[in-house]
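# Structural features, examined
The residues making up each chain are set out below.
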Amino acid sequence: MIPKFTVRGRIARPVADVFEAVADPAVLSEFFTTGGARGRLETGAVVTWDFHDFPGAFPVHVVEAEPPRHILLRWGGDEAAVLADAEGEHRTLVTLAFEPLEDGRTLVQISEEGWSETPEGLKASYGNCEGWTGMLAAMKAWLEHGVRLREGFYK
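Residues numbered from 1 in each chain as written. Predicted model: local features only at pLDDT ≥ 70, side-chain atom pairs only at ≥ 80, totals over all residues. Heavy atoms only, no water.

In terms of residue burial, strand S5 (residues 70–76) counts as a mostly covered element, since 5 of its 7 residues are buried. Where strand S4 (residues 57–66) meets S5, 6 bridges bridge the pair, whose relative direction is antiparallel. Paired with His61 across the strands is Arg74, a residue of S5. Of the strand pairs in this sheet, S5 and strand S6 (residues 91–100) are connected by 7 bridges, and their pairing is antiparallel. Bridge pairing links Leu72 to Thr95 in S6. (Buried < 20%, exposed > 50% of the residue type's maximum accessible area, 1.4 Å probe, protein only. Helix = DSSP H or I, 4+ residues; strand = E, 2+ residues; numbered from the N terminus. Pairing = 2+ DSSP bridges.)

This is how it looks when you write it as structure tokens:
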């Protein structure tokens, strides 16, 4: 079975605001991309996410962005850990889904798939699962309380 995971959390903000917090590079840089994000998440875009607490900047390919419902991304990985996609590139598929709740909050679900069934693939999937879980917690802290939760967390 090919590794896949889904993490979820509820943010006490309207769905459009939560979607925008991920799509807008200036807001995303406040709580997630410690080195900054460059480029808006729009269908067909290739943007850059930089993390000072991990080496290097990463290209992120936006497969589809449908405000305020979902964003589909592909980003690279180690050839030993990630299966090749339709273009022959070693990139996983990330789905960010935003669902408005009756109480005004937003349910955010993040899924990622595409690792190989190898020790390297499993290890990479566990690391990304940790990262997306941390992103959800950091987004909640930032959007609800203005706290930069990620700062100093990994390094």
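If you walk across this open sheet you meet the 7 strands as S1-S7-S6-S5-S4-S3-S2, and the pairing is antiparallel. The open sheet has two edge strands, strand S1 (4–11) and strand S2 (36–38), and neither has a second partner. Within this sheet the neighbouring strands show an average axis-to-axis angle of 20°, counted without direction. Helix H1 (residues 15–23) contacts S1, S4, S5, S6 and strand S7 (106–113) of the sheet and is inclined by roughly 155° relative to S6. (Axes fitted to C-alpha atoms, helices over the stretch in contact; angles between N-to-C directions. Contact = heavy atoms within 4.5 Å.)

We now examine a negative patch on the surface. Together, Asp78, Glu79, Glu89 and Glu120 line one region of the surface with negative charge. Relative to the elements of secondary structure, Glu120 occurs in helix H3 (residues 119–145). Take Glu120: its relative accessible area is 42%, and that puts it in the partly exposed class. (Patch = residues over 30% accessible without salt bridge, like charges linked within 9 Å, V, L, I, M, F, W, Y side chains within 5 Å. Areas by Shrake-Rupley, 256 points an atom, 1.4 Å probe, with all protein chains shown as cover. Salt bridge = Lys/Arg side-chain N within 4 Å of Asp/Glu carboxyl O. Lys, Arg positive; Asp, Glu negative; His and termini not counted. Charge placed at Lys NZ, Arg CZ, Asp CG, Glu CD.)

The next thing to look at is the nonpolar core. What tends to happen in soluble globular proteins is that the nonpolar side chains get buried as a cluster. Trp49, Ile71, Leu96, Trp132, Met135 and Met139 are the most contacted members of the largest nonpolar core, which totals 38 residues. Excluding residues that lie within four positions of it along the chain, Met139 makes contacts with Ile11, Val18, Val22, Phe31 and Val108. (Core = buried A, V, L, I, M, F, W, Y, C linked by side-chain atoms within 4.5 Å.)

Overall, the coordinates contain 10 aromatic pairs when judged by the stated rule. Taking the centre distance of 5.6 Å and the plane angle of 25° together, the rings of Phe32 and Trp132 count as stacked. One end of the pair, Phe32, is in the loop between helix H2 (25–31) and S2; the other, Trp132, is in helix H3, and 100 residues separate them in sequence. Across the pair, Trp132 and Phe32 agree in class, each one buried. Consider the rings of Trp49 and Trp132, whose centres lie 6.3 Å apart with planes at 70°: the pair is edge-to-face. Here the residue Trp49 occupies a position in strand S3 (residues 46–50), and Trp132 occupies one in helix H3, the gap between them amounting to 83 residues. (Phe/Tyr/Trp six-rings, centres within 6.5 Å; stacked < 30°, edge-to-face > 60°.)

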